[in-house]
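Residue-level structure breakdown
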Amino acid sequence: MSIKTISTQPFTDQKPGTSGLRKQVRAFQQPHYLENFIQSIFDSLEDFQGKTLVLGGDGRYYNRQAIQTILKIAAANGVGRTLVGQGGILSTPAASCVIRKNNAFGGIVLSASHNPGGPEGDFGVKYNVSNGGPAPEKVTSAIFDRSKTIDRYKILEAADLNLDQLGSFKLGDMSVEVINSVSDYAELMESLFDFNVIRDYLTSGQFRMCMDSLHAVTGPYAKELFETRLGATAGTVQNGVPLEDFGGGHPDPNLVYAHDLVEILYGDNGPDFGAASDGDGDRNMILGNHFFVTPSDSLAVLAANATLVPGYKDGLAGIARSMPTSEAPDRVAEKLGIDCYETPTGWKFFGNLLDAGKATLCGEESFGTGSNHVREKDGLWAVLFWLNILAVKKQSVEEIVREHWQTYGRNYYSRHDYEGVDTEPANTLMKNLRSLVSTLQGKQYGNYEVKYADDFSYTDPIDGSVATKQGIRIGFTDGSRIVFRLSGTGTQGATLRVYLERYEPDSKAHHQDPQEALAPLIQLADEIAQIRSLTGRDKPTVIT
Ligand code: G6P
Ligand code: ZN
């Protein structure tokens, strides 16, 4: 086996976005495209020779080929040992867990998360650092800088390894360990949650759940946890076999894309609890019988009930939420007398707060919830957290959430997405808003008076790094908010996200449909941003 140095030319579009380098599969299939990016990762790192790397992905199309290539580049660059999930499978939170447990210098996770897969779908490469979390900005920009000047990569000439077989192999001087994709993660879950209480509840005959893995990575994890270890009936996990194209579906756990699950929970004689997760297993959606829990409320409920769960019984150090996430968690933090941090969109911004012990629970409106147990959001962790609370309280999901609103007030919340908009009008819309914000304070729109308006910027309290232009926030004197930002995860055109929130303290007014409760704000958002005239769309493509 010999190490080859291959000359190459830079690609100009290898800038990692909100969550790694995400492109259409076709882009990754261009000669040298993947190789350049992986070599750029190694070239921008120091001090990894002889150390451990973690490698795995969500099993989507191109996962297997990419892993073989990455192994050979890692071996040629002097990595000491690579831990690979069996069959190339590691969910994003499991990868984070394995990095931490094995003191790896980092990990490469292959996924385009909730984006569709298959030859016509998307693929992605994320680099995670030694704390198990997504690489911070300074690391991703160093990778991008290197990708712009790269002129060679190193690769070992060797046969492909059989990744379906557990065990240790040699690839040049590097050892490769094919590990069970599930067991480290399942063990961590057992250390956090009361599996006995959950098992008793799941086998009591009084409570039924349904988990939809959407043919994505969580299938084997969910079967092991819910069916094998917790005794839920066989078939509790549906769509549990990971497929390269996710069965043609869109592996995004929301009311639109997880419609099979929604029909089951809203149908006759449906189960008490339903959950789904995304392509790489870091997102979650929580449903009760005929009841949807918004991700923002979910974070707030988990925080309010955390001491019922063994792993969090001593209470929380703090909570962190992304800026567009509703302020429901802030109200819980206030009552608990702990800090609530507001960060830009993107899980990487929670890393420092978690490492410094300032936050215990984190969450985002984009169906992400997690804690300091790993450094990624964690779909099945959230499901287990809910299960633990349900098993202790023996109330329905709806009762728990309604009681929560009674105590804290309700933050009506909705996100309107305009997907696949042309880039130019989308940029114009944001540019117009940016020049408008400084003039909005004190302005009256019907009953709404603008309290503040800005383009969100964040100074990390731990390392002082600053992130600017993170989205337009318009806050009103009654606690309502409208937020506008462009998605950082799409691969075609632009996606405009409009986040709408209204605070309602009066429990007699907690029964409205969010779209109705938010109707005046929805109209106002259009008036301020000129969404319809600029995008040519008369309604959003997805409402969650
Ligand atoms: C990924 C990240 C999340 C982030 C989300 C935002 O899922 O892991 O941390 O909240 O993207 O996506 P967007 O499309 O709104 O930029
Ligand atoms: Zn994901």
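Every chain begins its residue count from 1, and numbering advances along the sequence as written. All chains are assigned letters beginning with A, and all ligands numbers beginning with 1, in the order in which they are written. For this predicted model, a pLDDT threshold of at least 70 governs which residues receive local features, and a threshold of 80 or more governs which side-chain atom pairs are given and counted, while totals over whole chains, interfaces and linings are taken from all residues.

An unreviewed UniProt entry lists the protein chain under the name phosphoglucomutase (alpha-D-glucose-1,6-bisphosphate-dependent), from Roseofilum halophilum BLCC-M91. UniProt positions are given in the numbering used here, feature names are shortened, and annotations may be inferred rather than shown by experiment. The record held by UniProt for the protein chain lists under Catalytic activity (unreviewed entry) the comment "alpha-D-glucose 1-phosphate = alpha-D-glucose 6-phosphate".

Some points on helix α4 (residues 92-101)
Partly exposed residues are those falling between the two cut-offs: more than 12 but fewer than 20 other C-beta atoms within 10 Å of their own, whereas 20 or more means buried and 12 or fewer means exposed, with C-beta atoms placed from the backbone. Numbering of helices and strands starts at the N terminus; helices are DSSP runs of H or I of at least 4 residues and strands are runs of E of at least 2. Among the 10 residues of α4, 9 are classified as buried, and the element is accordingly described as predominantly covered. One or two residues past the end of α4 sits N103, with phi positive at roughly 45°.

A short note on the sheet that holds strand β12 (residues 273-277)
Strands are treated as partners if at least two bridges between them are detected by DSSP. Strand order in this open sheet of 5 strands is β11-β10-β12-β13-β14, and the pairing throughout is mixed. Unpaired on one side and paired on the other, β11 (237-238) and β14 (291-293) mark the two borders of the sheet. As defined by bridge partners, strand β13 (residues 284-288) adjoins β14 across 3 bridges and the pair is classed as antiparallel. Residue pairing for β14: L287 is matched across the bridge by F292.

Let's talk about the sheet that holds strand β26 (residues 494-504)
Spatial strand order, β20-β21-β24-β25-β26-β19-β27: 7 strands in an open sheet with antiparallel pairing. Because the sheet does not close on itself, it has two edges, and the strands there are β20 (444-445) and β27 (542-543). Alignment of strand β19 (residues 410-421) against β27, held across 2 bridges, turns out to be antiparallel. Of the residues in β27, the one forming a bridge with H416 is I543.

A closer look at helix α2 (residues 33-43)
Across the 11 residues of α2, 9 count as buried, placing the element largely inside the fold. Buried within α2 are the following residues: L34, E35, N36, F37, I38, Q39, S40, I41 and F42. For α2, the secondary structure elements touched by its buried residues are β2 (21-24), α1 (25-28), α3 (63-76), β6 (122-129), α5 (137-147) and β7 (152-157). Here, residues touch in the contact sense if the C-beta positions derived from the backbone fall within 7 Å of one another.

Observations concerning the UniProt feature "domain: Alpha-D-phosphohexomutase alpha/beta/alpha" (unreviewed entry) in the protein chain
What UniProt calls "domain: Alpha-D-phosphohexomutase alpha/beta/alpha" (unreviewed entry) maps, in this numbering, to residues 14-153, 184-287 and 296-408. Within the segment residues 184-287, helix and strand shares are 36% and 14% respectively, and the terminal C-alpha atoms sit 27 Å apart.

Quick word on the environment of S147
Its location among the elements puts S147 in helix α5. We classify S147 as buried; it has 23 C-beta atoms within 10 Å. For the pair S147 and P10, spaced 137 residues apart in sequence, the C-alpha separation works out to 6.0 Å. Excluding residues within four positions of it along the chain, S147 makes contact with P10, F11, Q14, N36, F37 and S40.

Concerning the packing of helix α10 (residues 295-304) against helix α14 (residues 397-408)
Working note: a packed helix pair is described by the angle between its axes plus the distance between those axes. Direction vectors running N to C along α10 and α14 enclose 80°, while the axes themselves pass 11 Å from each other. Considering their axes alone, α10 and α14 lie roughly perpendicular with respect to each other. Between α10 and α14, the residues in contact are D297, A300, V301 and A304 and I400, V401, H404 and Y408, respectively. The angle between two axes is taken between their N-to-C directions and runs from 0 to 180 degrees, where each axis is a line fitted to C-alpha atoms and a helix contributes only its stretch in contact. The labels follow the angle: roughly parallel below 35 degrees, roughly antiparallel above 145, roughly perpendicular from 65 to 115, and oblique for the rest.

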